[in-house]
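These are the residues of each chain, in order.
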Amino acid sequence: MLRAGMIRQLGAGAYTYLPLGLKVLQNAVRIVREEMDAAGANELLMPALQPVELWKESGRFEAYGDMLMKLTISGNHHMALGPTHEEVITDVVRNLVRSYKQLPITLYQIQTKFRDEARPRFGIVRTREFLMKDAYSFDANLEQLNASYNAMYEAYCRIYDRCGLPYVVVEAESGPIGGDSSHEFMVPCSTGEDRVIFCPSCGYAANQERAEIGHIKKETPEPAASAAAYESVETPNKRTIRDVCEFLGVPETASAKLLVFVADDKPVAALIRGDHEANEAKLRRAFKATTIAPADPAIIQKATGVPVGFLGPVAIKIPLVVDRAIAEMSTVVVGGNAVDVHFKGVVPGRDFPITNLHDLRNAEVGDACPRCHSNMEVKSGLEIGHVFKLGTKYSKAMGANYLDEKGTENPVIMGCYGIGINRIVAAAIETGNDANGIIWPLELAPYQVTLVPLQAGDEVVRKTDEIEKVLTDAGIDVLVDDRDLRPGVKFKDADLIGIPLRVVIGERGLKDGNIEVKWRTEKDSKNIPADGAGQAVLAELQEARAKLASECRSRIESRAASRKG
RNA sequence: CGGGGCGUAGCGCAGCCUGGUUAGCGCGCCUGCCUUGGGAGCAGGAGGUCACCAGUUCGAAUCUGGUCGCCCCGACCA
């Protein structure tokens, strides 16, 4: 995009959209707006500048932490630049909605969001300032919520279909907010920041943060009382799993690590196989906590009396949960809870309790699918949308209530739905490009057609003007490349900026009564008669649009069919 | 916030180690000629606080210290 002259970097995570790039962004906005309106949502616009009191009221001032951009303005008012608008919209609704008769309602806006990202990266994928469409639904009961949620889900599918993006919908982690359901829309691509776990045989797909691991019943090894007791070995200065395993000559899969977390201010321990990765969301659920974070070494030392690197589950003093994979091991190498000591041959269930068994780790390639138990696979994905059932978190915290038929007060039930507009653009480029440049989908392209007159002669200019007029009269935005440059330069530029349809008007072709038409996606061009060329180009475009529309329609139908089935 | 790299013309870079003419090169830009169906050629030209601040030195793009900015890896990312 930089190369094509569409954006320009101002600083870390801040980009200017030049005219060509802005047109693409606006096309994405237009599609989103059309589909939101069609889904029955109402547009409004809330301020980006918000009083921090609102954030304290919802309890998210702390939860959002450094991501929230804070500033002080005249008169010593503390303000924040909104990273999202649950607080503001809830404030709006608590003041306006009184009765169940006003529900359900879905409101949305398209607006610039601010997040103080620790590390902006991947060009426009992760920036400190970005355009977001955020929608919020307000319902009186779960039935209504499901209807609102499904309407947004379906609208999102239509939006991405129209943008020509090959998306997948995955189950997502809903975070400490809770709620029963959350889906992310992902575009598979190498620059994606998220890892999607999916099952090729049954279609299960989830964010790695969320993905469950199928539990295959194996014979749990007998905690044989007859087996030898564990032995204590000196492991001077061997603190990491790799060091210890190398030192003892055992594979990492035969070891286990004890990780200490702070769950709602209390230190807790989790035992995970040495080569596995802990999943904080799963841990949080296992401990039934609302917040969880890795404990720092000082806290660990204080809570366990053991320095980091030698922690083990045997006779540990803080609450312990154990990953399921541990229970399938007959013996395990663990920390000895003393400096420079590890234990070999420790038997789970005999030497430490495995009563608190949970799925605690990140799913990996080859893990069993939670539905059909086939091996799952992993790929990278770029998150372009997220739909979310919020429940009553904000309405309860901020007192957004309505009166039901019986006259009793209830908190409204909320949902929220976000689309990163810039990411639609980024995803379109990631999935549509070749060595010559970008290949825009028809609906996003900055211009649908470019006219390339090769010479400045009268006849060529006249024909170009004629075609331009026909297309413009039909409401089509046309880019005419009337620069005085060599043909090769114009062709290369047209390819680079990815205009879907290129029309070449040249003296050579006109002599034979031809002009040339070429789709960016196709290898070869074709000649059409110069007479009535404008109408022919128009027909060509309309045909392509009709094809897209019918493809979208058939996708909508197949989604509807699969929902019934 | 940790680790690494880089700041020299609009863009991409060389020069720095070993201080010393007028700081170069490619692309782009401007003028003219020529050329015109896949990034032509020739000739001429414009364009620089060498990121910033301080220090060492007769002399600093070059050496030293600090500051700022950007990029990459990691931690983080309801």
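**Student:** Explain the domain arrangement of chain A residue by residue, including any values.
**Tutor:** Many authors give the size of an interface as the accessible area that is lost as the parts come together. When cut into domains, chain A gives domain 1 (7-213 + 376-430), domain 2 (231-358) and domain 3 (447-546). The straight-line distance from the C-alpha centre of domain 1 to that of domain 2 is 37 Å. Taken together, the contacts link 9 residues of domain 1 with 7 residues of domain 2. For the pair domain 1 and domain 2, the summed buried surface comes to about 500 Å²; carbon and sulfur atoms form 30% of the total. Scanning the region where domain 1 abuts domain 2 turns up 0 salt bridges. At the junction of domain 1 and domain 2, the tally comes to 2 residue pairs in polar contact (both at pLDDT 80 or more).

**Student:** Summarise the sheet that holds strand β4 (residues 49-51); cite the residues concerned and give the values.
**Tutor:** Taking strand neighbours across the sheet as the criterion, the 3 strands line up as β4-β6-β5 in an open arrangement whose pairing is antiparallel. In this open sheet, the two edge strands, each paired with only one partner strand, are β4 and β5 (69-73). Sheet twist, expressed as the mean angle between neighbouring strand axes with direction ignored, is 40°. Relative to strand β6 (residues 77-81), β5 is paired through 5 bridges, and the arrangement is antiparallel. Note on β6: the bridge partner recorded for Lys70 is Ala80.

**Student:** Kindly report on the layout of surface pockets, identifying the contributing residues and their values.
**Tutor:** Taking a probe equal in size to a water molecule and rolling it over the atoms shows the remaining empty space. Quantified by volume, the second largest pocket comes out at close to 700 Å³. Looking at the second largest pocket, it is lined by 27 residues, and the ones nearest its centre are Pro441, Leu442, Thr521, Lys547 and Leu548. Here the residues of the lining of the second largest pocket sort into 13 nonpolar, 4 polar and 10 charged. Residue assignment places the lining of the second largest pocket across two domains, with domain 1 (7-213 + 376-430) and domain 3 (447-546) each supplying three or more.

**Student:** How would you summarise the pairing of strand β11 (residues 194-198) if you had to cite specific residues and measurements?
**Tutor:** Note on strand geometry: in a regular strand, side chains alternate between the two faces of the sheet. Extensive coverage of β11 is indicated by the burial of 4 of its 5 residues. Relative to strand β21 (residues 377-391), β11 is paired through 5 bridges, and the arrangement is antiparallel. Paired with Val196 across the strands is Lys379, a residue of β21. As defined by bridge partners, β11 adjoins strand β12 (residues 205-207) across 3 bridges and the pair is classed as antiparallel. Each residue of the ladder has a partner; that of Phe198, found in β12, is Ala205. Taken together, β11 and the strand that follows it, β12, pair antiparallel across an intervening segment of 6 residues, in which Gly203 is found at a positive phi of about 90°.

Conventions used here
- Residues numbered from 1 in each chain as written.
- Chains lettered and ligands numbered in written order.
- Predicted model: local features only at pLDDT ≥ 70, side-chain atom pairs only at ≥ 80, totals over all residues.
- Heavy atoms only, no water.
- Domains from an automatic or database assignment.
- Contact = heavy atoms within 4.5 Å.
- Buried area = accessible area lost by both parts, 1.4 Å probe.
- Salt bridge = Lys/Arg side-chain N within 4 Å of Asp/Glu carboxyl O.
- Polar contact = N/O pair within 3.5 Å; in protein donor to acceptor, adjacent residues only side chain to side chain.
- Pairing = 2+ DSSP bridges.
- Helix = DSSP H or I, 4+ residues; strand = E, 2+ residues; numbered from the N terminus.
- Axes fitted to C-alpha atoms, helices over the stretch in contact; angles between N-to-C directions.
- 1 Å grid on protein atoms, 1.4 Å probe; cavity = no way out; pocket = protein on both sides within 12 Å on 5 of 7 lines; lining within 4 Å.
- Points joined across faces, edges and corners; volume = space filled by probe spheres on them.
- Nonpolar A, V, L, I, M, F, W, Y, C, P; charged D, E, K, R; others polar.
- Buried < 20%, exposed > 50% of the residue type's maximum accessible area, 1.4 Å probe, protein only.

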